[in-house]
Amino acid sequence: MIAASAGDAALERAVALATQARDRAYAPYSRFRVGAAVLAADGQCFAGANVENASYGLTACAERIALWTGAVAGMSAVRFVVVVTDTPQPVTPCGACRQVLSELAPDATVVMATVGGRRQEATVRDLLPGAFGQNDLAR
Ligand code: THU
């Protein structure tokens, strides 16, 4: 199967931005650095990295930082969300990030990449089937 992202120059730029953002992660507790980038339909790209806290539960993942940055910048529809880690295999977004992806990037493909060049892809719908969403709030 050919990946949805094959040969996409804008996506390669997003992977590079996510990799750079990873270097700016604030992860003094876990030392697990994650970079992310959100690529919108108009070509704009928003990067993020994980930001931890001494009160551990306040940690924000790289994906949410990138998505929220794009949201407040008025980003257009999201095509790709890139997640970069320095792990043997790519890592998938946590449950909280999947819920935020479902809200802000429902039609996106998530590209999970390692610094070493491994890649895996999944749609947001694949990652969180049956997500709770705005339609569930309809009265
Ligand atoms: N983390 C992310 O930023 N994204 C993920 O997809 C997985 C986990 C962060 C949260 C925390 O700072 C560290 O990685 C260890 O869980």
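All figures in this text were calculated on a predicted structure; none of them were measured in a lab. The written sequence of each chain sets the order in which its residues are numbered from 1. Whole-chain, interface and lining totals are the exception, using all residues; otherwise, since this is a predicted model, local features are given only for residues with pLDDT of at least 70 and side-chain atom pairs are given and counted only at 80 or more. Side-chain metrics rest on all non-hydrogen atoms present in the structure, leaving aside hydrogens and water.

Some points on the overall build of the protein
Just so we agree on the cut-off: Put simply, DSSP H or I for four residues or longer makes a helix, DSSP E for two residues or longer makes a strand, and each gets a number counted from the N terminus. Both definitions apply: the radius of gyration is a C-alpha atom measure, and the globule rule equals 2.2 Å times residues to the power 0.38. Burial here depends on accessible area, computed with a 1.4 Å probe over protein chains only, as a share of the maximum for the residue type. Under 20% is buried, over 50% is exposed, and the range in between is partly exposed. Should any heavy atoms of two residues lie within 4.5 Å, those residues are counted as being in contact. The convention is simple: Lys and Arg are positive, Asp and Glu are negative, and His and the chain ends are not counted. Charge positions are represented by NZ for Lys, CZ for Arg, CG for Asp and CD for Glu.
Scanning the protein for helices and strands turns up 4 helices and 5 strands. When the elements of the protein are put in sequence order from the N terminus, they spell out α-β-β-α-β-α-β-β-α. What you see for the protein is a C-alpha radius of gyration of 14 Å, in line with the 14 Å of a compact globule of 139 residues. Here the protein, with 139 residues, has 42% of them falling under the buried criterion. For the protein, the proportion of contacts with a sequence separation of at least 24, taken over those separated by at least 6, is 61%. Across the protein, the centroid of the 12 positively charged side chains sits 5 Å from that of the 12 negatively charged ones.

Describing helix α3 (residues 95–104)
Listing the buried residues of α3 in full gives Cys97, Arg98, Val100, Leu101 and Ser102. On the buried face of α3, the contacting elements are α2 (62–72), β3 (78–85), β4 (109–114) and α4 (124–127).

Focus on the site of the ligand
Selection rule: A molecule or strand has a residue near it when one of that residue's heavy atoms lies within 4 Å. Counted as a polar contact is a pair of N or O atoms within 3.5 Å, where, for protein atoms, one must be capable of donating a hydrogen and the other of accepting one, and residues adjacent in sequence contribute only when both atoms are in side chains. Using a 1.4 Å probe, the Shrake-Rupley method yields the accessible areas, and only the shown protein chains count as cover for residues. Space inside and on the surface of the protein is sampled on a 1 Å grid over the protein atoms alone, with a cavity defined as a set of points where a 1.4 Å probe fits but cannot get out and a pocket as an open set with protein on both sides within 12 Å along at least 5 of 7 lines; lining residues have an atom within 4 Å of a point. The rule for placing a molecule in a cavity or pocket is simple: more than half of its atoms must lie within 2 Å of the grid points. Charged means Asp, Glu, Lys or Arg here, nonpolar means Ala, Val, Leu, Ile, Met, Phe, Trp, Tyr, Cys or Pro, and polar covers whatever is left, Gly included.
Taken together, Ser30, Phe32, Val34, Asn50, Glu52, Thr59, Cys61, Ala62, Glu63, Thr92 and Pro93 are the residues near the ligand. Here Asn50 contributes a side-chain N or O atom positioned 2.9 Å from an oxygen atom of the ligand. Residue Ala62 places a main-chain N or O atom 2.9 Å away from an oxygen atom belonging to the ligand. Calculation on the ligand without its partners gives an accessible area of 380 Å², and the protein chains cover 79% of this total. When atoms are counted within 2 Å of each cavity's grid points, the one that captures over half of the ligand is the second largest pocket. Of the residues assigned to the shell around the ligand, the class counts are 5 nonpolar, 4 polar and 2 charged.

Points about the packing of aromatic side chains
Formally: Pairs were defined over the aromatic rings of Phe, Tyr and Trp, the Trp ring being its six-membered one, requiring ring centres within 6.5 Å. Orientation was assigned from the angle between planes: stacked under 30 degrees, edge-to-face over 60, tilted for the rest.
In this structure the tally under the stated criterion is 1 aromatic pair. Aromatic side chains Tyr29 and Tyr56 sit 5.6 Å apart centroid to centroid with 45 degrees between the ring planes, which places their arrangement in the tilted category. One end of the pair, Tyr29, is in the loop between α1 (9–22) and β1 (34–40); the other, Tyr56, is in the loop between β2 (45–49) and α2, and 27 residues separate them in sequence. Overall, the relative accessible area of 40% leaves Tyr29 in the partly exposed class.

A closer look at the pairing of β4
Where we set the bar: When DSSP finds two or more bridges between a pair of strands, those strands are recorded as paired.
Counting buried positions along β4 yields 6 of 6 residues, so the element is predominantly enclosed. Of the two faces of β4, the one holding Thr109, Val111 and Ala113 and the one holding Val110, Met112 and Thr114 are both buried throughout. Bridging between β3 and β4 involves 6 bridges; their strand directions are parallel. Bridge pairing links Val82 to Val111 in β4. Joining the antiparallel neighbours β4 and strand β5 (residues 119–123) is a turn of 4 residues, in which Gly117 adopts a positive phi near 105 degrees.

What to know about the packing of α2 against α3
Filter applied, for reference: Interaxial angle, 0 to 180 degrees, is taken between N-to-C directions of lines fitted to C-alpha atoms, where a helix line uses only the stretch in contact. If an angle is under 35 degrees, it is roughly parallel; if it is over 145, roughly antiparallel; if it lies from 65 to 115, roughly perpendicular; otherwise it is oblique. Handedness of a crossing follows from how the near helix is turned relative to the far one, being left-handed for an anticlockwise turn of less than a right angle and right-handed for a clockwise one.
Two elements in contact, α2 and α3, have axes whose closest approach is 10 Å; the angle formed by their N-to-C orientations is 25 degrees. Classed by the angle they form, the pair α2 and α3 counts as roughly parallel. Remark: the crossing between α2 and α3 carries left-handed chirality. In this structure, α2 contributes Glu63, Arg64, Leu67, Trp68 and Ala71 to the contact, and α3 contributes Ala96, Cys97, Val100, Leu101 and Leu104.

Some remarks on the layout of surface pockets
Keep this limit in mind: Grid points are joined across faces, edges and corners, and a volume is the space filled by probe spheres set on the points.
Estimated volume of the largest pocket: approximately 250 Å³. Those elements that provide at least two residues to the lining of the largest pocket are α3 and α4. Counted by class, the lining of the largest pocket contains 6 nonpolar, 6 polar and 3 charged residues. Each pocket or cavity is described by its volume, and for the second largest pocket that value is around 170 Å³. Lining the second largest pocket are 15 residues, with Phe32, Val34, Asn50, Cys61 and Glu63 sitting closest to its centre.

In short, the description is geometric, and any link to function would need to be established separately.
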